[in-house]
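Summary of structural features
Below are the chains, spelled out letter by letter.
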Amino acid sequence: MANTAFQPRVFSGIQPSGGLTLGNYLGALKRFTTMQNEGNFETIYCMVDLHAITVWQDPETLKRNTRELCAGFIASGVDPEKSILFNQSQVPEHAQLAWVFNTVARMGWLNRMTQFKDKAGKNRENASVGLFAYPSLMAADILIYHATHVPVGDDQKQHLELTRDIAAKFNHDYGVDFFPITEPVIEGAATRVMSLRDGSKKMSKSDASDMSRINMTDDADTIAAKLRKARTDPDALPSEVAGLAERPEARNLINIYAAFSDMTPEQVLADVGGKQFSEFKPMLAELAVSKLSPISSEMSRLMQDQGEIDKILSRGAERAREITEPILAKTYDIVGMVR
């Protein structure tokens, strides 16, 4: 097979299954904006509401969360004129390609997905089929755009590897070079932001403790209070990254500071090494408030006109379908569907 030259294109998405957190911003939204503004790729960003319903969602809450997530994208710097911004369910080709990929993916591949095991827990038999097949839909999300690059956190790396396996198997089975072998983009100091109460666990909107996370809707006083009360240890900050190896809470706060300031953890420690947390935490709080407060204010403003948000999502879906319709049509031709 000849090597096809695919247009450089980025796809990524976030579930509208709850409020945005600092983890979503530093691990995803901030990078989305950077990739959009670099101009090296066509950028496509999505509220993956079909993924959200793999566990039960209150319908009215899901609608609100989807609009609030769209507001969060825009407030964080994603420009719906420069990027394609939409919610997944408005582009049916995602689900249609996912069914084709369900016939390509192997049960053994899906059984190895650690996220399903984590989310299903001990009650695996009661989990939805959708939750089990989630990675096939994620592969379709990416490949329906022939996306060449996907910015992901460490926790999604396994799913992206499965996407690459599905693309390779489809191409091999049908003797084509149709789907790209997508490259993960995992970079930056805070690709995985951890809980403020337990540095060994990912920051999560589902954590019972609101003090474990910074919500993108938190006001300045709340942000500062949460960072001042973040769990740490009694030792001073080290001057080198190696000194953070057995100090997960310290490493998390340094990584957050580095991501906000566009520095490496090494550069941050060169400046703050030797300081006590009583001195460092106010520095971090001031920096976080300066970066997050404008976003929170803009999200609130945007949510005052939900009709405008719906228009943005509808227009984004129209633009998305200009890409997805011909790719699905060609997929069906390759597979042998009569249309």
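Residues numbered from 1 in each chain as written. Predicted model: local features only at pLDDT ≥ 70, side-chain atom pairs only at ≥ 80, totals over all residues. Heavy atoms only, no water.

Topic: the side chain of threonine 43
For the record, the criterion: In this text, helices come from DSSP runs of H or I with a minimum length of four residues, and strands from runs of E with a minimum of two, each type numbered from the N-terminal end. We call two residues in contact whenever any of their non-hydrogen atoms come within 4.5 Å of each other.
Considering the arrangement of structural elements, one finds threonine 43 in strand β2 (residues 42–47). Those residues within four positions of threonine 43 in sequence are excluded, and the remaining contacts are Val10, Met35, Gln36, Lys82, Ser83 and Ile84.

Examining helix α4 (residues 93–104)
The line we're drawing: To estimate the expected span of a helix, count its residues, drop one, and scale the result by 1.5 Å. Three labels apply to residues, based on accessible area from a 1.4 Å probe with only protein chains included: buried if under 20% of the type maximum, exposed if over 50%, partly exposed otherwise in between. Read the arc as the range of directions from the helix axis to the C-beta atoms.
Here α4 spans 17 Å end to end across 12 residues, near enough to the 16 Å set by a 1.5 Å rise per residue. For α4, the set of buried residues is Glu93, His94, Leu97, Ala98, Val100, Phe101 and Val104. Buried residues of α4, viewed axially, fall in a sector of 165 degrees; they line one side. Check the buried side of α4 and you find it contacts β1 (9–14), β3 (84–87), α5 (107–111), α7 (129–143), α8 (157–174) and α13 (306–335).

Considering the pattern of salt bridges
To keep it simple, the criterion reads: Any carboxyl oxygen of Asp or Glu that lies within 4 Å of a side-chain nitrogen of Lys or Arg is treated as forming a salt bridge with it.
Across all of its chains, the model carries 17 salt bridges by this definition. The shortest N-O distance in the salt bridge between aspartate 218 and lysine 226 comes to 2.8 Å. Each member of the pair, aspartate 218 as well as lysine 226, carries the same accessibility label: buried. The partner of arginine 315 in a salt bridge is glutamate 318, and the shortest N-O contact between them spans 3.5 Å. Here arginine 315 and its partner glutamate 318 are both found in helix α13, three residues apart, which amounts to about one turn of the helix. The class of glutamate 318 is partly exposed, set by a relative accessible area of 46%. What emerges from the salt-bridge pattern is a single network uniting Asp210, Arg213, Asp218 and Lys226.

Focus: the packing of α7 against α8
As a reminder of what qualifies: For helices, the fitted line uses only the C-alpha atoms of the stretch in contact; every axis is such a line through C-alpha atoms, and the angle between N-to-C directions lies from 0 to 180 degrees. Convention used here: angles under 35 degrees read as roughly parallel, angles over 145 as roughly antiparallel, angles from 65 to 115 as roughly perpendicular, and any remaining angle as oblique. Each residue is assigned to one class: nonpolar for Ala, Val, Leu, Ile, Met, Phe, Trp, Tyr, Cys and Pro, charged for Asp, Glu, Lys and Arg, and polar for all the others, Gly among them.
Across the interface, α7 lies against α8 with an axial gap of 9 Å and an inter-helix angle of 70 degrees. Classified by the interaxial angle, the pair formed by α7 and α8 is roughly perpendicular. Facing Tyr134, Pro135, Ser136, Met138, Ala139, Ile142 and Leu143 of α7, the residues of α8 in contact are His159, Leu160, Leu162, Thr163, Ile166 and Ala167. Classifying every residue of the contact of α7 with α8 by side-chain character gives 10 nonpolar, three polar and no charged.

Considering the pairing of β1
The condition that has to hold: A crossover gets the label right-handed when its path from the first strand over the helix to the second runs clockwise, viewed with the strands pointing away from the viewer.
For β1, the tally of buried residues reaches five of six residues, placing the bulk of the element in the interior. Considered for its hand, the β-α-β crossover made up of β1, helix α1 (residues 22–38) and β2 is right-handed.

Notes on α1
Worth spelling out the cut-off: The angle between axes fitted to the seven residues ending at a residue and the seven residues starting there is what we call the bend at that residue. Here a polar contact means two N or O atoms within 3.5 Å. Within protein one must be a hydrogen donor candidate and the other an acceptor candidate, and residues neighboring in sequence count only if both atoms are side-chain atoms.
For α1, with 17 residues, the first-to-last C-alpha span of 23 Å sits near the 24 Å given by 1.5 Å per residue. The largest bend in α1 amounts to roughly 30 degrees and is located at alanine 28. N-capping of α1 is provided by threonine 21, with a side-chain oxygen placed 3.2 Å from the backbone N of glycine 23. Once α1 finishes, glycine 39 follows within two positions and takes phi at roughly 75 degrees, a positive value.

These figures come from the coordinates and say nothing about function on their own.
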